[in-house]
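For reference, the chains in residue letters:
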Amino acid sequence: MCQPPIAKTAAAAAADGAAKDTRASNEQCALSHARRTLEHGTLLACLSLLLLIAGLAVTFPQMQSRRDELGCDALCYGSMTSVRSALGLVGTAVVGRLSDKNSSILARTLGSLGKGTVSSGRRACLHVGTIASLVGLVTAATVNSLRGLWMSMVPGALLQHNFDIYKSLLSEYHNDIEHLETQQSTNGEIDGEKADNTNNSQLSRSGSVGKLGMAAGLSFMIGPMIAAVASPTFQMAAYFAIVCTLASGVIVCKLPMPVASAHTATNENNTEKEQSQTQTTEFTLTNMLRLKTPRSRAAATLIVIRLNMALAFHVFNTIWPASLKARFNFGPSDHARFMSFIGITYAFSQGFLAKRLVQMWGKEGKVYIIMTSCAVLGAGRYVAYHTDSLVVIYAVFLFIINALGTLNTVLTADTGAIAPSNEIGGLFGILQAAESAAGMIGPVLGGAISRYLGKDAPLLGVVGVYCFLFVFVSWGYERYVTSCTSDNAKGAKKSV
């Protein structure tokens, strides 16, 4: 009489075991697909960004002579810089928010042009940025007047923010992988393996961001180098940039979209889910300033760091070019060599050094990496400003650019880790908007300080900013940012 229940129990156990094996196999396939998507997407994103920026950089050496030819004096150039920063202030926040919305009209139309024909806000904004660059370049090449110079600046400053969109896209790739890894860990891995997944995720994020930064650094080196060798006219340089921009847009169409985690959720309710998440968006400026949640406090901490870094850069830049000319009679060729040196150093720091430092120091040591970078940036600028040796300047900037590249890599990786996939673009947009605001304030502030407090006063202000960041990071970074990334990982495990 007991035999039938036993047989039934054995059959049920066998069925459960088969179901678990099938589920585990499916999860492993999804994870492998997500990792391949990350590798392929990172490669294409780096190549697209390299072509886009390198094409624009080819025109940089001719820009000063073109402004002189069209009668754009110092006041005109200063006004253009302020307007560009103001347009960037608006554009980065709007474009970043639009990139998070996969159900918008823009995402369903322009965002469907590409691999898989899946509607994507990220891809739509990348296409918009590419089109804006093309419009600006065509205007610059065909309208040879001061009005044309102004008109060519507007589209790119307002709508071309592809670098930040690529950061958001790579962060979304990583979010997919972390979701699937957490799902596997919850279904049977031990705690040690979960910890390994978390540590590997931090390294992987740093590595992806570093590769993107390396592509940007190389493009700033390659562009002026091509211009120096070929010595093209501005029109020829603009046409070359148009070809590079078109090639960058073609690569955008080939980008794989991060859909692995979407397939693990209820596919039918994606639209309603996105609408409800949009209604409770956490990363708006007003919500972040209230500091009510751990994520908003982490984001506010990152804004303070980014804003002060950008402010220090723009204040220092009001006295640095004049100082180089006064001490070493720096000319266009000297600036080209110096910029190429900075480009290759920045590429090395983001592509190789940053990831290895994060791996060496671990998650807990990131605070010390940031503090050391702030100390190097402050002390290095002071030494570079006062030395009379060009060799010393190059040596000091070797440390400065490596510190800057490492710092940017760590901050960008942590930014992507604190925000969910549907809000990453908005957060990157707000951070970039803060830097644009510093671009509006910094030159005016630096000029005012130099005029009323002495020509060396801006340098002391820059050093003071980095001293403040050193103290601020030691006090609040681990408390608000690092703890938030850890809490997000734990929350993901609980939600699976």
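Rules used in this analysis
What you see as residue numbers is a count from 1 along each chain, following the sequence as written. At least 70 in pLDDT is required for a residue's local features to be given in this predicted model, at least 80 for side-chain atom pairs to be given and counted, and no such filter applies to totals for whole chains, interfaces and linings, which use all residues. Computation of side-chain values covers all heavy atoms of the structure but excludes hydrogens and water. How sure the predictor is of each residue is captured by pLDDT, a score from 0 to 100. Helix and strand definitions follow DSSP, with helices as H or I runs of at least four residues and strands as E runs of at least two, each counted in order from the N terminus. Contacts: residue pairs with any heavy atoms within 4.5 Å of one another. Only protein chains enter the accessibility calculation, which uses a 1.4 Å probe; a residue is then buried when its area is under 20% of its type maximum, exposed when over 50%, and partly exposed in between. In what follows, a disulfide is any cysteine sulfur pair within 2.5 Å. In this description, a nonpolar core means a group of buried Ala, Val, Leu, Ile, Met, Phe, Trp, Tyr and Cys residues linked to one another through side-chain atoms lying within 4.5 Å. This arc is taken over the directions from the axis of the helix to the C-beta atoms. Exposure above 30% relative accessible area and no salt bridge define the residues that can form patches, which grow by joining like charges within 9 Å and nonpolar side chains of Val, Leu, Ile, Met, Phe, Trp and Tyr within 5 Å. Residue exposure ignores everything except the shown protein chains as possible cover, and the areas themselves are Shrake-Rupley values with a 1.4 Å probe. Throughout this description, the term salt bridge denotes a Lys or Arg side-chain nitrogen within 4 Å of a carboxyl oxygen of Asp or Glu. Lines fitted to C-alpha atoms define the axes here, with helix axes fitted over just the stretch in contact, and angles between the N-to-C directions of these axes take values from 0 to 180 degrees. Geometric relationships in this document are graded by angle, where less than 35 degrees denotes roughly parallel, more than 145 denotes roughly antiparallel, 65 to 115 denotes roughly perpendicular, and other angles denote oblique. Each crossing gets its hand from how the near helix is turned against the far one by less than a right angle, where anticlockwise is left-handed and clockwise is right-handed. Each residue is assigned to one of three groups, with Ala, Val, Leu, Ile, Met, Phe, Trp, Tyr, Cys and Pro labelled nonpolar, Asp, Glu, Lys and Arg labelled charged, and all others, Gly among them, labelled polar. Geometry of aromatic contacts follows a simple scheme: Phe, Tyr and Trp rings, the Trp one being its six-membered ring, pair when their centres are within 6.5 Å, and the pair is stacked under 30 degrees between planes, edge-to-face over 60, tilted otherwise. Criterion for a charge above a ring: Lys NZ or Arg CZ within 6 Å of the ring centre, and within 35 degrees of the ring normal.

1. Comments concerning the confidence of the model for the protein
Low-pLDDT portions of the prediction should not be read for the details of their coordinates. For the protein, per-residue confidence averages 82 on the pLDDT scale, and residues scoring 70 or more make up 82% of the total. Confidence scores differ between elements of the protein, with helix α10 (residues 260-264) showing the lowest mean pLDDT of 43 and helix α16 (residues 366-386) the highest of 94. pLDDT under 50 marks residues 260-279. Its contacts with residues more than four places away, or in other chains, come to 17 contacts.

2. Structural notes on the side chain of S133
Along the chain, S133 falls in helix α5 (residues 121-142). With relative accessibility at 7%, the residue S133 sits in the buried group. Setting aside residues no more than four positions away along its own chain, S133 makes contact with L52, Q160 and T245.

3. Points about the state of the cysteines
Covalently bonding the sulfur atom of one cysteine to the sulfur atom of another cysteine gives a disulfide. All told, the structure shown has 1 disulfide when counted by the stated rule. Through a disulfide, C72 is tied to C76; the S-S separation comes to 2.2 Å. Of note, the bridge from C72 to C76 carries an S-S torsion of about -95° and is left-handed in sense. Taking the relative accessible area as the measure of exposure, C72 reaches 5% and is therefore buried. Under the relative-accessibility criterion, C76 is labelled buried at 10%.

4. As for the nonpolar core
In this structure, I305, W320, I370, F397, L411 and Y477 are the most contacted members of the largest nonpolar core, which totals 53 residues. Looking at this core, the elements with two or more residues in it are α13 (294-317), α14 (320-328), α15 (332-361), α16, α17 (390-418), α18 (424-453) and α19 (457-495). With sequence-adjacent residues up to four places away left out, F397 is seen in contact with W320, F338, F341, I342 and A384. Among the nonpolar cores identified, the runner-up in size contains 25 residues, and L44, I53, I165 and A215 belong to it.

5. Here's the deal with helix α2 (residues 60-69)
Here α2 has its buried residues at Q62, R66 and R67. Taken around the axis of α2, the buried residues stretch over an arc of 140°, which confines them to a single face. Looking at the residues trailing α2, positive phi occurs at G71, about 80°.

6. Thoughts on a nonpolar patch on the surface
Taken together, L89, V90, V94, L98, M440, I441 and L445 make up a surface patch of nonpolar side chains, about 520 Å² in accessible area. Of all the secondary-structure elements, those providing two or more residues to the nonpolar patch are α3 (74-99) and α18. No other element matches the 4 residues that α3 contributes to the nonpolar patch. Residue placement: L445 occurs in helix α18.

7. With respect to the environment of A93
Turning to its location among the elements, A93 is positioned in helix α3. Its relative accessible area of 27% is what places A93 among the partly exposed residues. A sequence separation of 338 residues divides A93 from L431, and the C-alpha atoms of the two residues are 8.3 Å apart.

8. Describing the packing of α16 against α17
Direction vectors running N to C along α16 and α17 enclose 150°, while the axes themselves pass 9 Å from each other. Considering the angle they form, α16 stands roughly antiparallel to α17. The two elements α16 and α17 meet at a crossing, and its hand is left-handed. By residue class, the composition of the contact of α16 with α17 is 17 nonpolar, 3 polar and 3 charged.

9. Notes on the packing of aromatic side chains
Counted according to the given criterion, the structure contains 12 aromatic pairs. Taking the centre distance of 5.8 Å and the plane angle of 70° together, the rings of W475 and Y480 count as edge-to-face. Three or more aromatic residues joined by ring pairs make a cluster, and in this case those are F316, W320, F330, F338, F341, Y394 and F397. The ring centre of F163 lies 4.6 Å from the NZ or CZ of K167, which sits over that ring. Cation over ring: R327 sits above Y385, and NZ or CZ is 5.9 Å from the ring centre.

10. Concerning the pattern of salt bridges
This structure, assessed with the given rule, holds 6 salt bridges. A salt bridge links R306 to E435; the shortest N-O distance between them is 3.7 Å. Taken together, the residues R306 in helix α13 and E435 in helix α18 connect sequence positions 129 residues apart. Residue classification places R306 among the buried positions, given a relative accessible area of 9%. One network of salt bridges, in which partners are shared, links D100, R122 and E172.

11. Digging into unusual backbone geometry
Positive phi outside glycine occurs at N329, with the angle close to 55°. On the secondary structure map, N329 appears in the loop between α14 and α15. Looking at N329, the relative accessible area reads 56%, which means it is exposed.

12. A word on the packing of α13 against α18
The axes of two packed helices give the description: the angle between them and the distance between them. Here α13 crosses α18 at 35°, and the two axes come no closer than 8 Å. In the crossing of α13 with α18, the sense of the turn from one axis to the other is right-handed. When α13 is examined against α18, the residues A299, L302, I303, R306, L307, A310, L311, H314 and V315 are found in contact with a partner set consisting of L427, I430, L431, A434, E435, A438, G439, I441, G442, P443, L445 and G446. Considering only residue class, the contact of α13 with α18 consists of 15 nonpolar, 4 polar and 2 charged.

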